[in-house]
Amino acid sequence: WAFFEVGSNTLEKAASESKYTHILVDIWHSDWTKALIMGGFNVLIPAFFGLNMLNAYVRKRRNRTDSRDKFTPLGRRLFNEIAAWDLCKVMNRVCILAELFFMLQVGVSRLTYIFLS
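Residue positions are counted from 1 within each chain, in the order its sequence is given. With the structure being a predicted model, the display of local features is reserved for residues of pLDDT at least 70 and the display and counting of side-chain atom pairs for 80 or more, all residues being used for whole-chain, interface and lining totals. Only hydrogens and water are set aside; all other atoms, that is, all heavy atoms of the structure, feed into the side-chain values.

Describing the overall build of the protein chain
Broken down by element type, the protein chain carries 7 helices and 0 strands. Computed over the C-alpha atoms, the radius of gyration of the protein chain is 21 Å, more than 25% above the 13 Å expected from 2.2 N^0.38 for a compact globule of 117 residues. Each residue gets one of three labels from its accessible area relative to the maximum for its type: buried under 20%, exposed over 50%, partly exposed in between, using a 1.4 Å probe on protein chains only. Per-residue burial for the protein chain yields a buried fraction of 14% across its 117 residues. Contacts were defined at the residue level, with two residues in contact if any of their heavy atoms lie within 4.5 Å. Residue pairs in contact within the protein chain that sit at least 24 positions apart in sequence constitute 47% of those at least 6 positions apart. Each accessible area is a Shrake-Rupley estimate made with a 1.4 Å probe; only the visible protein chains count as cover when residues are assessed. A total accessible area of about 9,800 Å² is found for the protein chain, and carbon and sulfur atoms account for 65% of it. Charge centroids of the protein chain, computed over 15 positive and 10 negative side chains, lie 11 Å from each other. Labels follow the DSSP assignment, with helices taken as runs of H or I lasting at least four residues and strands as runs of E lasting at least two, numbered in each case from the N terminus. Radius of gyration: over C-alpha atoms. The globule rule applied is 2.2 Å multiplied by the number of residues raised to the 0.38 power. When charges are counted, neither His nor the chain ends are considered; positive counts come from Lys and Arg and negative counts from Asp and Glu. Every charge is mapped to an atom, namely NZ of Lys, CZ of Arg, CG of Asp or CD of Glu.

As for the nonpolar core
Ala35, Met38, Ile45, Phe49, Phe71, Ile82, Trp85, Val90 and Val94 together form the largest nonpolar core, which totals 9 residues. At the level of secondary structure, the elements contributing two or more residues to this core comprise helix H4 (31-40), helix H5 (44-61) and helix H7 (87-116). Each nonpolar core is a collection of buried residues, namely Ala, Val, Leu, Ile, Met, Phe, Trp, Tyr and Cys, held together in the definition by side-chain atoms within 4.5 Å.

Observations concerning a nonpolar patch on the surface
Exposure above 30% relative accessible area and the lack of any salt bridge qualify a residue for a patch; like charges then connect within 9 Å, and the nonpolar side chains Val, Leu, Ile, Met, Phe, Trp and Tyr within 5 Å. Each reported salt bridge corresponds to a side-chain nitrogen of Lys or Arg within 4 Å of a carboxyl oxygen of Asp or Glu. Together, Trp32, Ile96, Leu100, Phe102, Met103 and Val106 line one region of the surface with nonpolar side chains, adding up to about 580 Å² of accessible area. The element that contributes the greatest number of residues to the nonpolar patch is H7, accounting for 5 residues. Note that Phe102 resides in helix H7.

As for the packing of H5 against helix H6 (residues 73-83)
Axis definition: a line fitted to C-alpha atoms, limited for helices to the stretch in contact. Angles are taken between N-to-C directions and run from 0 to 180 degrees. Interhelical geometry of H5 versus H6 gives an angle of 145 degrees and a closest axis separation of 9 Å. You can see that H5 and H6 cross each other, and the crossing is left-handed. Touching Ile45, Phe48, Phe49, Asn52 and Arg59 of H5 are Pro73, Leu74, Gly75, Leu78, Phe79 and Ile82, all from H6. By the convention adopted, Pro, Cys, Tyr, Trp, Phe, Met, Ile, Leu, Val and Ala count as nonpolar, Lys, Arg, Asp and Glu as charged, and the other residues, Gly among them, as polar. Classifying every residue of the contact of H5 with H6 by side-chain character gives 8 nonpolar, 2 polar and 1 charged. Here is the rule for handedness: rotate from the far helix to the near one, and if that takes an anticlockwise turn smaller than a right angle the crossing is left-handed, while a clockwise turn gives right-handed.

Topic: the confidence of the model for the protein chain
When pLDDT is averaged along the protein chain, the result is 90; 97% of the residues meet or exceed 70. As a per-residue measure, pLDDT reflects the predictor's confidence and takes values from 0 up to 100. Confidence, read as mean pLDDT per element, is least for helix H1 (residues 2-6) in the protein chain (67) and greatest for H5 (97).

Quick look at the packing of aromatic side chains
Between the rings of Phe, Tyr and Trp (Trp by its six-membered ring), a pair exists once the centres lie within 6.5 Å; its type follows the angle of the planes, with under 30 degrees stacked, over 60 edge-to-face, and the other angles tilted. Within this structure, the stated rule accounts for 4 aromatic pairs. With 5.3 Å between their ring centres and 65 degrees between their planes, Phe48 and Phe49 make a pair best called edge-to-face. Residue classification places Phe48 among the partly exposed residues on the basis of a relative accessible area of 29%.

See the structure below:
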């Protein structure tokens, strides 16, 4: 509703001046957020790129595109975004989050066993 009533230019201007928007952008560019994404979608990321390459191949064979790229435009944007990340830092944080998750699971199960006995 606000988009149609106020207009996109006014909303973009208000968002660029908002402190909350800057905080959200900083969170989005954080290595911890990237680690959560990589940990959450771990197997689906290579599957997406494989299907995207297959999609681009079928488009080329059916003469639907003149692109020589092995990805579709969406796949290329996502690949370039992930390639720009410092993957060593991100994967290190994925390992830390996995260890914390494991410790939480084991700790809660032990505490449950102790308190219910």
